Amino acid sequence: MGRQLSTPTAILLGSAMISAAVYLGLRHGPAGVPTEPRPAGGAPSPSADAVSSAEAALATGAGASARPLQAPAPSVPREQVAMQAARAIEAHRPALIERCYKPAAAAQRAPRGVKYIFNLTFDARGRQLARGIIEDREASRPEVTACVVDALPAVAVPPPGANVRVDVPFSLP
């Protein structure tokens, strides 16, 4: 009979071959994968970024040396958007206390309160695009946090005019 590899040796060799394949495959980026659909004529369609860069170059007269456009600054200051978001979250405080905090406090008294920081991102029209939550470790109640994440609906603010990300402190009770 022939010589057989042990299981750990086979795993090691297989891992090395997969790692080499992934490294060599990703080194040059995806090849042959179209990123955008092409029109029926076969000519590649210009991307939206290329079109907007070209339009900006024509508008400024800069020609080919134009820099890419940056995201527009919000017409409403970030601090004002943060205050508006805080008011929107505060409107849900009574419901969050009843639904999330009181049942947890009845089951376990300590810690007395919970503290969070909400990371909110709004689009130009004031609709919530993303939301994250940071929980203070010293005032942590995982069951309350899970409930708050589920119970708090998407927050909206008056249109800021551009995408805006803000941090909003919040605590219960």
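My aim in this report is to walk through the structure given alongside it, one point at a time. Bear in mind the structure is a predicted one, so any value in this text is a computation, not a measurement. (Residues numbered from 1 in each chain as written. Predicted model: local features only at pLDDT ≥ 70, side-chain atom pairs only at ≥ 80, totals over all residues. Heavy atoms only, no water.)

Structural notes on the pattern of salt bridges
Then, in step 1: Inspection of every chain in the model, using the stated rule, returns five salt bridges.
Then, in step 2: E98 is the salt-bridge partner of K102, the closest N and O atoms lying 2.6 Å from each other. Of this pair, K102 and E98 are both found in helix α4 (residues 93-107), four residues apart, which corresponds to roughly one turn of the helix.
Then, in step 3: Here K102 falls in the partly exposed class, since its relative accessible area comes to 45%.
Then, in step 4: For E143, the salt bridge is made with R141, and the minimal N-O distance between the two is 3.9 Å.
Then, in step 5: Among the residues examined, E143 registers a relative accessible area of 41% and is labelled partly exposed. (Salt bridge = Lys/Arg side-chain N within 4 Å of Asp/Glu carboxyl O. Helix = DSSP H or I, 4+ residues; strand = E, 2+ residues; numbered from the N terminus. Buried < 20%, exposed > 50% of the residue type's maximum accessible area, 1.4 Å probe, protein only.)

Observations regarding the state of the cysteines
A covalent bond between the sulfur atoms of two cysteines is what we call a disulfide.
Then, in step 1: Taken as a whole and judged by the stated rule, the model has one disulfide.
Then, in step 2: Sulfur-sulfur distance for the disulfide between C100 and C147 comes to 2.1 Å. Residues C100 and C147 are joined through a disulfide that is left-handed, its torsion about the S-S bond being -70°. Taken together, the positions of C100 in helix α4 and C147 in helix α5 (residues 142-151) put the pair 47 residues apart, joining distant regions of the chain. Exposure class is identical for C100 and C147. Each is buried. (Disulfide = S-S within 2.5 Å.)

A few points about the sheet that holds strand β3 (residues 164-172)
Strand-to-strand pairing in sheets goes through backbone hydrogen bonds, with the strands running parallel or antiparallel.
Then, in step 1: Strand order in the open sheet made by the three strands is β2-β1-β3, with antiparallel pairing throughout. Looking at which strands have only one partner, the edges of the open sheet turn out to be β2 (128-135) and β3. Between one strand and the next, the sheet's axes are offset by a mean angle of 20°, whatever the strand orientation.
Then, in step 2: With nine bridges connecting them, strand β1 (residues 114-122) and β3 associate as antiparallel partners. Bridged to T121 within β3 is R165.
Then, in step 3: Sitting on the sheet, α5 is in contact with β1, β2 and β3, with an inclination near 170° to β2. (Pairing = 2+ DSSP bridges. Axes fitted to C-alpha atoms, helices over the stretch in contact; angles between N-to-C directions. Contact = heavy atoms within 4.5 Å.)

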